[in-house]
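# Summary of structural features
Residue strings, one per chain:
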Amino acid sequence: MSPHCPAQILIIAKEPVAGRVKTRLTPPFSPRQAAALAEAALRDSLRAVSATPATQRLLALDGLPGGWLPAGFVIIPQRGTSLDERLAAAFSDAHRLRPDPVVLIGMDTPQVTPALLGEAVDALERHDAVYGPAADGGFWLLGLRRPDPALLLGVPMSHPETGKLQLDRLDQAGLDVHLLPELTDVDTAADAAIVAAHAPDSHFAATFRALGR
């Protein structure tokens with residue numbers, strides 16, 4: 001890790017409230033169980049960010065912070081309606097607070113490690129962007145040296161080709177992109193089993209096991 005930690009890290013997340021998060025886990029999980037898994041995933045994601053050197057750590061939150069939030073995070077509200085608008089606004093708001101490169105992740109990859117986040121932060125010293133593909137065709141991480149809403153607005157989200165279309169947008173802008181390994185987002189019960197097995201020591205895996213899965 002570079003001693004001057006050249007980027008900030010931003011998590012975009014929903015408050016883990018039953019009926020509002022991880023609705024694709026129900027069934028087989030109840031809304032309360034799905035919210036417990038969401039909170040565990042968020043705790044793991046926040047822990048990984050906390051352990052990664054960065055110039056600033058932020059949480060773009062839809063809802064209110066709770067006991068799951070560790071110290072050291074700047075909270076910013078999400079803005080916009082569609083996901084592309086909310087992502088673009090989160091990048092812009094973080095960059096306005098501190099004009100450093102921004103690495104953004106969601107709360108859906110509790111298996112993320114400080115090593116992966118550190119690679120993303122370091123990559124923005126040498127590349128214009130860093131991109132982590134997700135197994136469902138989306139992406140789990142996007143880092144931009146110079147955030148620009150035009151790099152995100154209009155990209156169809158929650159679509160089988162979201163990742164390809166987002167990468168195309170970066171390529172069309174002439175950006176040099178560093179690729180990270182593919183991770184599995186937790187959207188379905190099958191995804192949850194894969195991620196829990198991959199990160200057995202995580203809060204997420206412990207919660208998954210406690211629910212009898």
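Scroll up for the structure.
One structure accompanies this document, and this report is about it. (Residues numbered from 1 in each chain as written. Predicted model: local features only at pLDDT ≥ 70, side-chain atom pairs only at ≥ 80, totals over all residues. Heavy atoms only, no water.)

This part covers the overall build of the chain. Within the chain, the regular secondary structure consists of six helices and seven strands. Along the chain direction, N to C, the helices and strands of the chain fall in the order β-α-β-β-α-β-α-β-β-α-β-α-α. For the chain, the C-alpha radius of gyration of 16 Å lies close to 17 Å, the compact-globule estimate for 213 residues. In terms of principal-axis extent, the alpha carbons of the chain reach across some 45 × 35 × 30 Å. (Helix = DSSP H or I, 4+ residues; strand = E, 2+ residues; numbered from the N terminus. Rg over C-alpha atoms; globule rule 2.2 N^0.38 Å.)

Turning next to the nonpolar core. The tendency in soluble globular proteins is for nonpolar side chains to be buried as a group. Counting residues in hydrophobic clusters, the biggest one holds 31 residues, and the most contacted among them are Ile11, Val103, Ile105, Leu117, Trp140 and Leu141. Counting only elements with at least two residues in this core, the list comes to strand 1 (8-14), helix 1 (31-50), strand 2 (57-62), strand 4 (102-105), helix 3 (114-126) and strand 6 (139-144). Beyond its immediate stretch of four places on either side in the chain, Leu117 contacts Ile9, Ala48, Val49, Thr52, Ile105, Val112 and Leu141. In terms of nonpolar packing, the next biggest core, distinct from the first, is built from 23 residues, Leu87, Ala90, Val155 and Leu170 among them. (Core = buried A, V, L, I, M, F, W, Y, C linked by side-chain atoms within 4.5 Å. Buried < 20%, exposed > 50% of the residue type's maximum accessible area, 1.4 Å probe, protein only. Contact = heavy atoms within 4.5 Å.)

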